[in-house]
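Residues per chain are reported as follows:
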Amino acid sequence: MHEKIIILDFGSQTTQLIGRRVRELNTYCEILPYNKFPFGDESVRGVILSGSPFSVNDANAFKTGLERIRGRFPVLGICYGAQLMVQLAGGSVERSDTREYGRARLHVADGDDPLLGFLPRESRVWMSHGDTIVRVPAGFRMIASTDDVALAAYRVEGEETWGVQFHPEVFHTEQGAGILDNFLTVCGVRRDWTPASFIETAVGELKVRLGDDRVILALSGGVDSSVTAVLLNRAIGRNLTCIFVDHGLLRKNEFETVLENYEHLGLNVIGVDARERFYRELRGVTDPERKRKIIGKGFIDVFDGEARKLEGIKWLAQGTIYPDIIESLSITGVTIKSHHNVGGLPEKMRLKLCEPLRLLFKDEVRRIGLELGMNPILIHRHPFPGPGLGIRILGDVTPDKVRMAQDADDLFISNLRSAGLYDRVWQAGAILLPVRSVGVMGDERTYENTVALRAVTSTDAMTADWAHLPYEFLAKVSNEIINKVKGVNRVVYDISSKPPATIEWE
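In this report, we go over the structure that sits alongside the text. The structure displayed is predicted, hence computed values, not measured ones.

Let's talk about the overall build of the protein chain
Thinking step 1. For the protein chain, the helix and strand inventory stands at 13 helices and 18 strands.
Thinking step 2. What you see for the protein chain is a C-alpha radius of gyration of 26 Å, in line with the 23 Å of a compact globule of 506 residues.
Thinking step 3. Viewed in the frame of its principal axes, the protein chain has a C-alpha envelope of about 80 × 60 × 40 Å.
Thinking step 4. Residues classed as buried in the protein chain amount to 55% of the 506 residues present.
Thinking step 5. The long-range share in the protein chain, meaning contacts at least 24 apart out of those at least 6 apart in sequence, stands at 74%.
Thinking step 6. As displayed, the protein chain has an accessible area near 22,800 Å², and 49% of this comes from carbon and sulfur atoms.
Thinking step 7. If the 62 positive side-chain charges of the protein chain are averaged to one point and the 67 negative ones to another, these points end up 4 Å apart.

Below, the structure written as structure tokens:
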């Protein structure tokens, strides 16, 4: 069993980022709702309290008693977490006259402090708070300040307890990784969370758990399901059967390419060509939510039909990863986000669920895949939506529109690769718009379709910025699409960021 750090989530948008930073320091951690501390877990070595969208003075703020945690474990409170510890101990937190958002200069007052003592006397940190600590309880000692906040960090005397009003987990805090590293050192946790150790542990646990049972897995061609398949294959071999459904909305030549890649990996894969079924059911449907539901239900029906042809299947494996689990947890009484992998199985299948990657972040999944010897091209592929081109073709879906979307997407992606830009982009694709415009080709007037190119940079897809691709590159891609994709005479580039826009258009 890995020693672990528990991160109690009070609703901050950066809670997952705290987890990723701790994992990057080869330390296993779990993110739990603020009021679900695992008191019986003997592997816990330290606790981090996250930020929150609330003020500690709000009537509906998330609060929990810390008397059984403080003094028993090293504790680091970040922003709201730091303010909550002060308030619970009798101190005062009030709305600040000077709100701090963005970069600030941190001045360290105690050069011997185990958490901050290594920092330069001044360094840049990232602030994001409207409240500030104005009076600390007895035993709370200031160890750092900023130009506008007198108590930017504190230590509790006689305890391994710290609070910081800045965010060490974000990139803009210059020494943030070092601060978290120091906290882990105080916790005395073993730094044994590596891809190799995960694989060894996971394969051993899968062999025991699954025994000689047979397992099925729905492959999508994406990173998560592919790594799940290879990991399971290492554990149970031919007792794993993978089903890859072509719903006709994949990228160009995706079905054949993916099957070939899986064959090289030694996987037992059944490929199902269900294009005609999906085209028939999507005919005339323009509402994006209806399209999603038709594609989702159709996929389950096709998958279930293939599964019923197999004998002795007892388990369904899924490529669920940790962000899926976290986003499906409820800390408010309302589920934050339902996820296709977490929402449950079709009742009629009655299979037990196997999710070997459910504790991993996306970047960890990629490292596991590389450690398993998988092709880097397969591992570093851009995310692709489950409904595929069904939500990149705005309006109704027809085979001809699929052809245009596939051809435009293929030209865009292949040019990104050849220009050395593919790995600088988190996700990219072509969207076929329900807009026709006048054009001229040769001496002829045309009235044809418009394609929007979308490319974003991100670390986790929770936020994203439009990719600032070179004009020369965009001009080349536009020219190729208009000249080579029959039915398209105009190309535009989407320069919207998330938020307020989403990465996909539907």
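Here the narrative resumes.
Some details on the sheet that holds strand β14 (residues 352-354)
Thinking step 1. If you walk across this open sheet you meet the five strands as β12-β11-β10-β13-β14, and the pairing is parallel. In this open sheet, the two strands that pair with only one neighbour each are β12 (269-273) and β14. Each neighbouring strand pair of the sheet contributes to a mean axis angle of 30 degrees, computed without reference to strand direction.
Thinking step 2. Note: strand β13 (residues 313-317) against β14, three bridges, orientation parallel. Across the sheet, the residue bridging to tryptophan 315 is lysine 352, located in β14.
Thinking step 3. Relative to the sheet, helix α6 (residues 254-264) contacts β10 (214-219), β11 (240-246) and β12, its axis offset from that of β12 by approximately 175 degrees.

Quick look at the packing of helix α4 (residues 195-210) against helix α10 (residues 362-371)
Thinking step 1. Relative orientation of the contacting elements α4 and α10 amounts to 75 degrees, with a least axis distance of 9 Å. Here α4 is positioned roughly perpendicular relative to α10, judged by the angle of their axes. Packed against α4, whose contacting residues are Pro195, Ala196, Phe198 and Ile199, the element α10 presents Arg367, Ile368 and Glu371 at the interface.
Thinking step 2. Here the residues of the contact of α4 with α10 sort into five nonpolar, no polar and two charged.

So, the nonpolar core
Thinking step 1. The biggest cluster of nonpolar side chains holds 48 residues, and the ones touching the most others in it are Phe412, Leu416, Leu453, Leu469 and Ile481.
Thinking step 2. For this core, the leading source of residues is helix α12 (residues 399-418), giving eight residues.
Thinking step 3. With 39 residues, the next largest nonpolar core counts Trp193, Cys242, Val258 and Ile368 among its residues.

A closer look at the packing of aromatic side chains
Thinking step 1. Tallying each qualifying case throughout the model produces 15 aromatic pairs.
Thinking step 2. On the numbers, 6.5 Å between centres and 40 degrees between planes, the contact of phenylalanine 412 with phenylalanine 473 is tilted. Taken as a pair, phenylalanine 412 in helix α12 and phenylalanine 473 in helix α13 (residues 471-484) lie far apart in primary sequence, 61 residues in all.
Thinking step 3. Phenylalanine 473 sits in the buried class, given a relative accessible area of 8%.
Thinking step 4. Three or more aromatic residues joined by ring pairs make a cluster, and in this case those are Phe10, Tyr34, Phe54, Phe62 and Tyr80.
Thinking step 5. Its guanidinium or amino end placed over the ring of tryptophan 426, arginine 366 lies 5.8 Å from that ring's centre, counting from NZ or CZ.

With respect to the pattern of salt bridges
Thinking step 1. Counted under the stated rule, the structure contains 37 salt bridges.
Thinking step 2. Residues arginine 190 and aspartate 192 are paired through a salt bridge, measuring 3.6 Å at the closest nitrogen-oxygen approach.
Thinking step 3. For aspartate 396, the salt bridge identified is with lysine 401, shortest N-O distance 2.5 Å.
Thinking step 4. With relative accessibility at 22%, the residue lysine 401 sits in the partly exposed group.

Conventions used here
Residues numbered from 1 in each chain as written. Predicted model: local features only at pLDDT ≥ 70, side-chain atom pairs only at ≥ 80, totals over all residues. Heavy atoms only, no water. Helix = DSSP H or I, 4+ residues; strand = E, 2+ residues; numbered from the N terminus. Rg over C-alpha atoms; globule rule 2.2 N^0.38 Å. Buried < 20%, exposed > 50% of the residue type's maximum accessible area, 1.4 Å probe, protein only. Contact = heavy atoms within 4.5 Å. Areas by Shrake-Rupley, 256 points an atom, 1.4 Å probe, with all protein chains shown as cover. Lys, Arg positive; Asp, Glu negative; His and termini not counted. Charge placed at Lys NZ, Arg CZ, Asp CG, Glu CD. Pairing = 2+ DSSP bridges. Axes fitted to C-alpha atoms, helices over the stretch in contact; angles between N-to-C directions. Parallel < 35°, antiparallel > 145°, perpendicular 65-115°, else oblique. Nonpolar A, V, L, I, M, F, W, Y, C, P; charged D, E, K, R; others polar. Core = buried A, V, L, I, M, F, W, Y, C linked by side-chain atoms within 4.5 Å. Phe/Tyr/Trp six-rings, centres within 6.5 Å; stacked < 30°, edge-to-face > 60°. Lys NZ or Arg CZ within 6 Å of the ring centre and 35° of its normal. Salt bridge = Lys/Arg side-chain N within 4 Å of Asp/Glu carboxyl O.

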